[in-house]
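Each chain, letter by letter, is given below.
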Amino acid sequence: MSEARSRLLGTATELFYAEGLHAVGVDRVIAKAQVTRATLYRHFPSKDDLIVTYLVQADEAIRMQVDAARTQGADPDDIIRAVGRTITDDIQRAGFRGCAFLNAAAEYPDPAHPVHQAVLKHRQWFLETLTELFSGTGKIDPEPAARHFVMLRDGAMAAGCLTDPKPICETFLRGIEGLLTYRSRQEPAT
């Protein structure tokens, strides 16, 4: 990646996350990154391309966090817990403003738009990854457990920027523990 492209993407990432996708224009990105308009458009043919690249970069960072959680331990329950802790660490960091993907979906609600498509691609990967992780726990209902995890995560990410994140994170981690012990299908009583 060229130095100018890296600076553009870093600047866009900072501004898009802090202020919103529609609120930040390309002129602002160009000025803050200290590049020319031609440089921006050489690397990113449109603002939408820049936004999609920002989301792809966020997706790659989350994939690396999940991969790191997988290397921390062989126990599937502990891997799921580690993924949960990466989420709570994110929620408690300075400048947290919610989920970049949920924010993008709110600003680009058209499911056919490339930005919305990037959001859907990430969410599909995340759900499939969690389904795989829950399958490793021996749960008889890994897909519903994974969907529940994603729903808990979405709620924690939304609430975590509205109020004190500590109780939000504690509740989220408690929810994960519940998912790791709950079985949706019980053996019939005899």
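It is not clear to me how helix α7 (residues 114-135) should be interpreted in this structure. Could you clarify?
Along an α-helix, a turn takes 3.6 residues, which lines up residues three or four apart on a common side. Counted at 1.5 Å a residue, the expected span for α7 with its 22 residues is 32 Å, and the 31 Å between its end C-alpha atoms agrees. Every buried residue of α7 is accounted for by Val-115, His-116, Ala-118, Val-119, His-122, Trp-125, Phe-126, Thr-129, Leu-130, Thr-131, Leu-133 and Phe-134. Looking at the packing, one finds that the buried side of α7 touches α4 (47-72), α5 (76-91), α6 (100-107), α8 (142-159) and α9 (165-181).

Could you clarify how one ought to interpret the packing of helix α1 (residues 3-19) against helix α2 (residues 26-33) in this entry?
Helix packing for two helices is described by the angle between their axes and how far apart those axes are. Interaxial distance between α1 and α2 falls to 9 Å at its minimum, and their mutual angle equals 125°. Overall, the two elements α1 and α2 adopt an arrangement that is oblique. With respect to the hand of their crossing, α1 and α2 are arranged in right-handed fashion. Between α1, through Arg-7, Leu-8, Thr-11, Ala-12, Glu-14, Leu-15 and Glu-19, and α2, the contact on the second element is made entirely by Arg-28, Val-29, Lys-32 and Ala-33.

Where do I start with the side chain of Thr-137 in this structure?
Following the sequence through the fold, Thr-137 ends up in the loop between α7 and α8. One polar contact links the side chain of Thr-137 to the main-chain amide nitrogen of Lys-139, over a distance of 3.3 Å.

Sorry if this is basic, but what is going on with α2 here?
Listing the buried residues of α2 in full gives Val-26, Val-29, Ile-30 and Ala-33. Looking straight down α2, one finds its buried side chains confined to an arc of 100°; they lie on one side. In this fold, the buried residues of α2 make contact with α1, α3 (37-43) and α4. Once α2 ends, the next one or two residues include Gln-34, with phi positive near 60°.

Please clarify how the side chain of Thr-131 should be interpreted in this entry.
Residue position: Thr-131 is located in helix α7. You can call Thr-131 buried: its relative accessible area is 18%. Only 2.9 Å separates the side chain of Thr-131 from the backbone oxygen of Leu-127, close enough to count as a polar contact. Contacts of Thr-131, omitting those with residues within four sequence positions, involve Pro-142, Glu-143 and Ala-146.

Explain the nonpolar core to me, please; I cannot follow it from the model alone.
Taken as a class, soluble globular proteins show a tendency for nonpolar side chains to be buried jointly. Leu-55, Phe-134 and Phe-149 are the most contacted members of the largest nonpolar core, which has 55 residues in total. Here Phe-149 is in contact with Ile-80, Val-83, Gly-84, Ile-87, Phe-126, Leu-130, Phe-134, Phe-172, Ile-176 and Leu-179, once residues within four sequence places are set aside.

Teacher, can you tell me more about the pattern of salt bridges here?
Close approach of charged atoms allows side chains of opposite charge to pair. Counted according to the given criterion, the structure contains 13 salt bridges. Within the structure, one salt-bridge network assembled from shared partners comprises Asp-78, Arg-81 and Glu-177.

What counts and how
Residues numbered from 1 in each chain as written. Predicted model: local features only at pLDDT ≥ 70, side-chain atom pairs only at ≥ 80, totals over all residues. Heavy atoms only, no water. Helix = DSSP H or I, 4+ residues; strand = E, 2+ residues; numbered from the N terminus. Expected span 1.5 Å × (residues − 1). Buried < 20%, exposed > 50% of the residue type's maximum accessible area, 1.4 Å probe, protein only. Contact = heavy atoms within 4.5 Å. Axes fitted to C-alpha atoms, helices over the stretch in contact; angles between N-to-C directions. Parallel < 35°, antiparallel > 145°, perpendicular 65-115°, else oblique. Left-handed = near helix turned anticlockwise from the far one by under 90°. Polar contact = N/O pair within 3.5 Å; in protein donor to acceptor, adjacent residues only side chain to side chain. Arc of directions from axis to C-beta. Core = buried A, V, L, I, M, F, W, Y, C linked by side-chain atoms within 4.5 Å. Salt bridge = Lys/Arg side-chain N within 4 Å of Asp/Glu carboxyl O.

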